[in-house]
Structure formats: C-alpha cells, structure tokens
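Coordinate inspection notes
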Amino acid sequence: MFTGLVEEIGTVASLERQGDAIRLGIAAPKILDDAALGDSIAINGVCLTVAERTADVFIADVMQESLNRSALGELRVGSQVNVERALLPTTRLGGHIMQGHVDGTAKLISRTPSENWEVLRFELPAGLARYVVEKGSIAVSGTSLTVSNIGADWFEVSLIPTTLRDTIFGQLEVGAAVNLEVDVLAKYVEKMFGPNASGANGKG
C-alpha cells in the first residue's frame, strides 16, 4: 500500500526489453537507503518489486499486464519518475490509500500557471469518470492529488510550488501520458451498492 506522497524523483538508468516484458533500472539513492530485495516500490504509481539493487539503482521486472495498463512502456533511459516506498504502519497518512494498481492512462491536456500555483488539466477516460468527483482524491502517476474541477471528459488539479518541485509534474509536457488510479473506496462502494450488488447469501 502507498499514500501518494512522492519521496523522490528518480531517473530511468537502464531499460532492457525482453519480449513481453521490460527490466527497468531506476536510480533513486534516497529511497534505496533501506530498500531490500523483494520490497515494493511505486514507480509513477505502479507497484514494482525490487529484483536487484546496487547502492543507488534498483532493478524491477515489468510484465505485459502492467505495460498494457500503464504508461511505463513509454519510459526511456533518462526519463524522470515519481518514486515512493510502501507505507509503514507508523506512517502518517498524508495522502490517501493507494494500491499501486493502475486503472488507466490519460494525457496532460493543458497547463495554466497562476501566481502561486498551476492548474493541470488531464483527460478523464469514460470508464473511470464515475469514480472521480470534485474535491475527491485521485492518484496521477503515483501522486495523491485533489480534483479541483471536473468536466465530462477531463479533470483538473491545482498544484502548489512544493508539488511541482518535488514530483515530475513541474516538467511534465502537454501531451505526456500519466497513470491514473482512482480511489479504491469508490470502487468498493459501487460493488456493494451498485445495480449488481447482492446480499451475503448471494441474493438481492
């Protein structure tokens, strides 16, 4: 589990294509201080497992399922990524509960700078729109953000200078793809109370 509070901007140090998978090498010396083989680390919101590591680089295998559902396949050597270690029981939950299971991808439509913040508008895929509400939480490339405005096929987030500085969003270009993970609580509510909900005995 993750909180969506990015700990470090990492860099893709290596990328090896292996047919229907890739091996990513991520340079992120800060988060590797206490990372061990088998640990879970979120890269742009995708939960990956540490398969190998050095002092400042860890290697993770990305399977076809993750490539199909996320924008990790668009990464290149030198790409910057948001990095977060799995949360500890003692961690302050400053963001929101995230699983690191990407629901879809979207592109950055526009950036509107202001004096003290910047508004980023992203596409909102039709299949995810019902889970996204104004002032609700959404994970964008592994960052817990609050929806500040929403339309039929887009949503906006208003980012403060700290977020722009400490995540990849400060340099994200219009047209770039991002990973989206909607609030898992919304999906559970839909499952329990939606039109196909059933009681404990399997009957409505």
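Being a predicted model, the structure only gives us computed values, none of them experimental.

Per the UniProt entry, the sites bearing "repeat: Lumazine-binding" (unreviewed entry) are residues 1–96 and 97–193 in this numbering. With 16% helix and 41% strand, residues 97–193 has end C-alpha atoms that lie 21 Å from one another.

Our next topic: a nonpolar patch on the surface. Residues Leu 185, Tyr 188, Val 189, Met 192 and Phe 193 make up a contiguous nonpolar surface patch of roughly 590 Å² in combined accessible area. Position of Val 189 relative to the elements: it lies in helix 3 (residues 184–193). Take Val 189: its relative accessible area is 44%, and that puts it in the partly exposed class.

Another point: the sheet that holds strand 13 (residues 177–182). Paired through their backbone hydrogen bonds, the strands of a sheet run either parallel or antiparallel. Strand order around the closed barrel formed by six strands is 8-9-12-11-10-13, with antiparallel pairing between neighbours. The average angle at which neighbouring strand axes cross in this sheet is 45°, direction not considered. Judged from the six bridges that link them, strand 9 (residues 118–123) and strand 12 (residues 154–159) form a sheet pairing that is antiparallel. If you follow Val 119 over to strand 12, its bridge partner there is Ser 158.

Rules of the game
- Residues numbered from 1 in each chain as written.
- Predicted model: local features only at pLDDT ≥ 70, side-chain atom pairs only at ≥ 80, totals over all residues.
- Heavy atoms only, no water.
- UniProt positions renumbered as here; feature names shortened; annotations may be inferred.
- Helix = DSSP H or I, 4+ residues; strand = E, 2+ residues; numbered from the N terminus.
- Patch = residues over 30% accessible without salt bridge, like charges linked within 9 Å, V, L, I, M, F, W, Y side chains within 5 Å.
- Areas by Shrake-Rupley, 256 points an atom, 1.4 Å probe, with all protein chains shown as cover.
- Salt bridge = Lys/Arg side-chain N within 4 Å of Asp/Glu carboxyl O.
- Buried < 20%, exposed > 50% of the residue type's maximum accessible area, 1.4 Å probe, protein only.
- Pairing = 2+ DSSP bridges.
- Axes fitted to C-alpha atoms, helices over the stretch in contact; angles between N-to-C directions.

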